[in-house]
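Observations on the model geometry
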Amino acid sequence: ELLRGTELFINRDELPALADGEYYQADLIGMHVIRDGTEIGIVDDIQNYGAGDILELDSGEMVAFRGADVDLIKKIITVR
């Protein structure tokens, strides 16, 4: 209860190493999102209301992250 409302931070180099194909949500911010071959926006934030992660895009659209393909090199997320 003493920490309620407190912002917590950690240096990136202190985070555990990730296996191939893994990433932190922070890595997705700023990535371009593609659906059906067309860019629909850039990730501004990630929400989770209990049913899975939702990408909040700069276009105002919100899309489900489930089943998305992430290309960290090209900075592209392809959604269905």
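Keep in mind the model is a prediction, meaning the values are calculated, not measured. (Residues numbered from 1 in each chain as written. Predicted model: local features only at pLDDT ≥ 70, side-chain atom pairs only at ≥ 80, totals over all residues. Heavy atoms only, no water.)

**Here we look at the pairing of strand β6 (residues 76–79)**
Burial along β6 is one-sided: Ile77 and Val79 are buried, and none of Ile76 and Thr78, which face the opposite way, are. Here 4 bridges tie strand β1 (residues 32–35) to β6, and the two strands are oriented parallel to one another. If you follow isoleucine 34 over to β6, its bridge partner there is threonine 78. Pairing of strand β5 (residues 69–71) with β6, which is carried by 3 bridges, proceeds in the antiparallel orientation. Its bridge partner being in β6, aspartate 69 is matched across the sheet by threonine 78. The hairpin turn running from β5 into β6, its antiparallel successor, is 4 residues long, and lysine 75 in that turn takes a positive phi close to 60°. (Buried < 20%, exposed > 50% of the residue type's maximum accessible area, 1.4 Å probe, protein only. Helix = DSSP H or I, 4+ residues; strand = E, 2+ residues; numbered from the N terminus. Pairing = 2+ DSSP bridges.)

**Remarks on the pattern of salt bridges**
Applying the stated rule across the entire model yields 3 salt bridges. Ionic pairing is found between arginine 12 and aspartate 27, a salt bridge with its closest N-O pair at 2.6 Å. You can see arginine 12 sitting in the segment before α1 (25–28) and its partner aspartate 27 sitting in helix α1, a full 15 residues away along the chain. Between glutamate 61 and arginine 35 there is a salt bridge, with its nearest N and O atoms 2.4 Å apart. (Salt bridge = Lys/Arg side-chain N within 4 Å of Asp/Glu carboxyl O.)

**What to know about the pairing of strand β2 (residues 38–48)**
As paired strands, β1 and β2 are joined by 4 bridges and run antiparallel to one another. Each bridged residue has a counterpart across the sheet, and for isoleucine 34 the counterpart in β2 is glutamate 39. Of the pairings in the sheet, the one linking β2 to strand β3 (residues 53–57) comprises 5 bridges and is antiparallel in character. Residue pairing in the sheet places asparagine 48 in a bridge with aspartate 53 of β3. In textbook terms, the turn of a hairpin is the stretch between consecutive antiparallel strands, and for β2 and β3 this stretch comprises 4 residues, one of which, glycine 50, has a positive phi near 110°.

**Details of the nonpolar core**
A general trend in soluble globular proteins is that nonpolar side chains are found buried together. Core analysis: the largest hydrophobic core is formed by 13 residues, its most contacted members being Val33, Val43, Leu55, Leu57, Val63, Ile77 and Val79. Among the elements that take part in this core, β2 stands out by supplying 3 residues, more than any other. In contact with valine 79, not counting residues within four places along its chain, are Val33, Ile34, Arg35, Ile40, Leu55, Val63, Ala64 and Ala68. (Core = buried A, V, L, I, M, F, W, Y, C linked by side-chain atoms within 4.5 Å. Contact = heavy atoms within 4.5 Å.)

**Things to note about a negative patch on the surface**
There is a patch of like negative charges on the surface, built from Glu39, Asp44, Asp45 and Asp58. You can see aspartate 58 is positioned in the loop between β3 and β4 (62–64). (Patch = residues over 30% accessible without salt bridge, like charges linked within 9 Å, V, L, I, M, F, W, Y side chains within 5 Å. Areas by Shrake-Rupley, 256 points an atom, 1.4 Å probe, with all protein chains shown as cover. Lys, Arg positive; Asp, Glu negative; His and termini not counted. Charge placed at Lys NZ, Arg CZ, Asp CG, Glu CD.)

**Considering the sheet that holds β3**
Taken in spatial order, the 6 strands make up an open sheet running β4-β3-β2-β1-β6-β5, and their pairing is mixed. Two strands in the sheet have a free side with no partner beyond their single neighbour: β4 and β5. Pairs of neighbouring strands in the sheet enclose a mean axial angle of 40°, with direction left out of account. (Axes fitted to C-alpha atoms, helices over the stretch in contact; angles between N-to-C directions.)

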